[in-house]
Amino acid sequence: MSIRTYKPRRGRVTPRQAAALDVGDGLLIELGRTAFSLKDEWPGLPVILEIGFGTGAATAMMAGRQPHLGLLAVDVHTPGIGDLLHRVRTIGLTNVRVMEADALEVLRTMIPQGSLAGIRTYFPDPWPKVRHHKRRLVTAEHASLIGSRTVTSGTWDLATDWAHYADQMIDVLNKHPMWEGGAVDRTSDRPVTRYEQTALDQGREVTDLRYFRTIR
Ligand SMILES: C[S@@+](CC[C@H](N)C(=O)[O-])C[C@H]1O[C@@H](n2cnc3c(N)ncnc32)[C@H](O)[C@@H]1O
């Protein structure tokens with residue numbers, strides 16, 4: 001089994017989150033063994049995959065502002081999945097689907113080649129200790145997997161509050177034949193999450209990156 005990019009956490013599921021997980025209206029997609037059709041799920045919409053949405057506060061806000069995009073939001077943390085489902089239904093968003101799964105497994109098994117219009121990876125777990133760097137999401141191997149599932153000129157938006165990880169992202173992606181891009185100014189499209197606010201309060205600088213899938 002490959003190294004996990006997350007630490008499995010229990011986390012208490014509140015009654016509201018449990019109820020949101022239990023609705024069965026098709027917004028929560030099960031991890032399957034075969035590719036599923038993005039076109040059937042989001043007819044006519046370009047689809048963005050968000051890896052690791054946390055509580056989903058920013059995800060729901062962005063999806064509300066971007067009805068012209070389909071959003072597949074994947075995380076492994078059950079309480080956050082419940083929160084996002086609750087938000088999506090409360091706001092009445094129709095362009096969001098949610099999965100409780102390792103996004104790398106979703107990419108490998110369910111996402112067809114060259115199908116995603118974009119990827120969002122905001123504040124992936126920093127794994128600050130040197131012996132844990134191998135658990136970081138942005139590696140050459142994962143950049144190849146993500147690149148293989150992305151359309152030509154598709155985007156990969158990243159943000160991190162960890163300077164060493166920002167350097168790693170730039171180093172990996174600048175060397176990678178499937179990606180070109182670099183640091184960009186922070187866009188107001190991305191709302192400040194609690195996670196980001198804590199980083200800013202603690203004096204860490206946030207780096208935003210945007211990469212494009214190169215021509216095949
Ligand atoms: C530091 S949090 C940031 C959450 C959110 N993007 C924000 O800005 O508040 C990182 C999130 O990534 C999730 N995560 C880590 N590895 C993942 C993976 N392979 N697939 C899906 N989610 C993952 C974690 O469960 C966690 O919720």
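Residues numbered from 1 in each chain as written. Predicted model: local features only at pLDDT ≥ 70, side-chain atom pairs only at ≥ 80, totals over all residues. Heavy atoms only, no water.

1. Overview of the sheet that holds strand β7 (residues 207–213)
Read from one edge of the open sheet, seven strands run β3-β2-β1-β4-β5-β7-β6, paired in mixed fashion. Only two strands of the sheet have a single neighbouring strand rather than two, namely β3 (96–100) and β6 (179–184). Across this sheet, the average inter-strand angle for adjacent strands is 15°, counted without regard to direction. Two elements, strand β5 (residues 150–160) and β7, share six bridges in a ladder whose sense is antiparallel. When the sheet's bridge partners are listed, Leu158 is paired in β7 with Leu209. (Pairing = 2+ DSSP bridges. Helix = DSSP H or I, 4+ residues; strand = E, 2+ residues; numbered from the N terminus. Axes fitted to C-alpha atoms, helices over the stretch in contact; angles between N-to-C directions.)

2. Some remarks on empty space enclosed by the protein
What the rule picks out here adds up to one cavity of 30 Å³ or more. Around the largest cavity, the lining residues are Ile48, Met62, Ala63, Gln66, Leu69, Leu71, Asn95 and Arg120. In terms of residue class, the lining of the largest cavity is built from five nonpolar, two polar and one charged. (1 Å grid on protein atoms, 1.4 Å probe; cavity = no way out; pocket = protein on both sides within 12 Å on 5 of 7 lines; lining within 4 Å. Points joined across faces, edges and corners; volume = space filled by probe spheres on them. Nonpolar A, V, L, I, M, F, W, Y, C, P; charged D, E, K, R; others polar.)

3. Digging into helix α7 (residues 163–175)
For α7, with 13 residues, the first-to-last C-alpha span of 18 Å sits near the 18 Å given by 1.5 Å per residue. Those residues of α7 that sit buried are Tyr165, Ala166, Gln168, Met169, Val172 and Leu173. Viewed along the axis of α7, the buried residues span an arc of 160°, placing them on a single side of the element. Away from its buried face, by an angle of more than 90 degrees, α7 presents the exposed residues Ala163, Asp167 and Lys175. (Expected span 1.5 Å × (residues − 1). Buried < 20%, exposed > 50% of the residue type's maximum accessible area, 1.4 Å probe, protein only. Arc of directions from axis to C-beta.)

4. Considerations on the site of the ligand
Every one of the 17 residues lining the ligand counts as a neighbour, but Thr5, Gly52, Asp75, Ala103 and Tyr122 are closest to it. One of the side-chain N or O atoms of Thr5 is found 2.8 Å from a nitrogen atom in the ligand. Burial of the ligand by the protein chains amounts to 92% of its free accessible area of 600 Å². One can see that the ligand is located within the largest pocket. Of the residues that constitute the shell around the ligand, the class distribution is nine nonpolar, four polar and four charged. (Near = heavy atom within 4 Å. Polar contact = N/O pair within 3.5 Å; in protein donor to acceptor, adjacent residues only side chain to side chain. Areas by Shrake-Rupley, 256 points an atom, 1.4 Å probe, with all protein chains shown as cover. Sits in = over half its atoms within 2 Å of the grid points.)

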